[in-house]
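Working through the structure, step by step
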Amino acid sequence: MRLDLKTLRDMKGKTPICAVTCYDAAMARLLDQEVDVLLVGDSLAMVVQGHDNTLPVTLEEMIYHTRMVARGSTHAFLLADLPFLSYQTSVEDAVRSAGRLLKEGGAQMVKLEGGRAVVPQVTALAGYGIPVMGHLGLTPQSVHAIGYGKQGKDSAAAQTLLSDAAALEQAGAAMLLLENIPHDLAEQVSRQSSLPTIGIGAGPGCDGQVQVLHDLAGWIPDFTPRHAVKYMEGGKALQEAARRYAQDVRERKFLSK
Ligand code: KIV
């Protein structure tokens, strides 16, 4: 049986929550029993689809990938990102998009980016029984406005982030993701909020951590974001396997042993 929201919320302050992004059934099968949360992140636009940022991925594509991850997993909590323009435009769009990720994709919770600006959306989703995770700090869907640098660095920005976190909690958010902010600020949010916080580039004071699978696995050998921790050299291992295979074929050794 899948982990549920109550279980994750009960883990706050007791057991660190482990999350990783996942985009298809094959990977979901490998990861399902190892982590608590599989996030179908809109990072799929970059690491799977090859775009420069997360903006191009569509709701249809997010549903398609969420469905694959749902099919490949039975244990981990399934979280999916609301992609750019699927929720900012109106509360109605947010409810419809989030509802489709649950209904057609099999997600148990959706994640959206932003603070006070998305409070009406969070209030509506929570009101309709759709669990929602807020995403604060570096919000990649705002790349053209804020870039990819660390957020919340000065005291005014830190105060804004703290009040955004409180506003999202008040609106009914179930969890918070904190991306690329100072460690002490993430720790302060985690202490002040009753919601579990999941960090990426936000230090050890969060209630859990998330990594992008391709970073963790080293599948993009020539690029490692600052917040990424590589647990294997998967890209190099795959290239080496492909090289050996190609060599065997070219030397007519393949299947001849
Ligand atoms: O889309 C994504 O991969 C994310 C990261 C912050 C984990 O939201």
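Going by the structure above, here's the rest.
Computed from a predicted model, the values in this text were never measured in an experiment.

1. A word on the nonpolar core
Counting residues in hydrophobic clusters, the biggest one holds 50 residues, and the most contacted among them are L38, L101, V110, L112, V122, L178 and V189. It is helix α8 (residues 155-171) that provides the largest number of residues to this core, a total of 6 residues. If sequence neighbours within four positions are ignored, V189 has contacts with L161, L162, A165, L176, L178 and T197.

2. Focus on the sheet that holds strand β3 (residues 77-81)
The parallel closed barrel is built from 8 strands, whose spatial order is β1-β2-β3-β4-β5-β6-β7-β8. Sheet twist, expressed as the average angle between the axes of neighbouring strands with direction ignored, equals 25°. Summarising the sheet, β3 and strand β4 (residues 109-113) pair through 3 bridges and their orientation is parallel. The residue of β4 that forms the bridge with D81 is K111. In the packing of α8 onto the sheet, the strands contacted are β5 (132-137) and β6 (175-179), and the crossing angle to β5 comes to about 175°.

3. What to know about the site of the ligand
As a matter of local geometry, the ligand sits amid 13 residues, with G41, D42, S43, D81 and K111 nearest to it. Between the ligand and S43, the relevant distance is 2.5 Å, taken from an oxygen atom to a side-chain nitrogen or oxygen of the residue. Coverage of the ligand by the protein chains reaches 96% of its 260 Å² of free accessible surface. The class makeup of the residues in the shell around the ligand is 5 nonpolar, 4 polar and 4 charged.

4. Here we look at a nonpolar patch on the surface
A contiguous nonpolar patch, built from Y245, V249, F254 and L255 and spanning about 440 Å² of accessible area, is present on the exposed surface. Mapping L255 onto the fold places it in the segment after α11 (234-250). Given a relative accessible area of 77%, L255 falls into the exposed group.

Reading guide: rules and limits
Residues numbered from 1 in each chain as written. Predicted model: local features only at pLDDT ≥ 70, side-chain atom pairs only at ≥ 80, totals over all residues. Heavy atoms only, no water. Core = buried A, V, L, I, M, F, W, Y, C linked by side-chain atoms within 4.5 Å. Buried < 20%, exposed > 50% of the residue type's maximum accessible area, 1.4 Å probe, protein only. Helix = DSSP H or I, 4+ residues; strand = E, 2+ residues; numbered from the N terminus. Contact = heavy atoms within 4.5 Å. Pairing = 2+ DSSP bridges. Axes fitted to C-alpha atoms, helices over the stretch in contact; angles between N-to-C directions. Near = heavy atom within 4 Å. Polar contact = N/O pair within 3.5 Å; in protein donor to acceptor, adjacent residues only side chain to side chain. Areas by Shrake-Rupley, 256 points an atom, 1.4 Å probe, with all protein chains shown as cover. Nonpolar A, V, L, I, M, F, W, Y, C, P; charged D, E, K, R; others polar. Patch = residues over 30% accessible without salt bridge, like charges linked within 9 Å, V, L, I, M, F, W, Y side chains within 5 Å. Salt bridge = Lys/Arg side-chain N within 4 Å of Asp/Glu carboxyl O.

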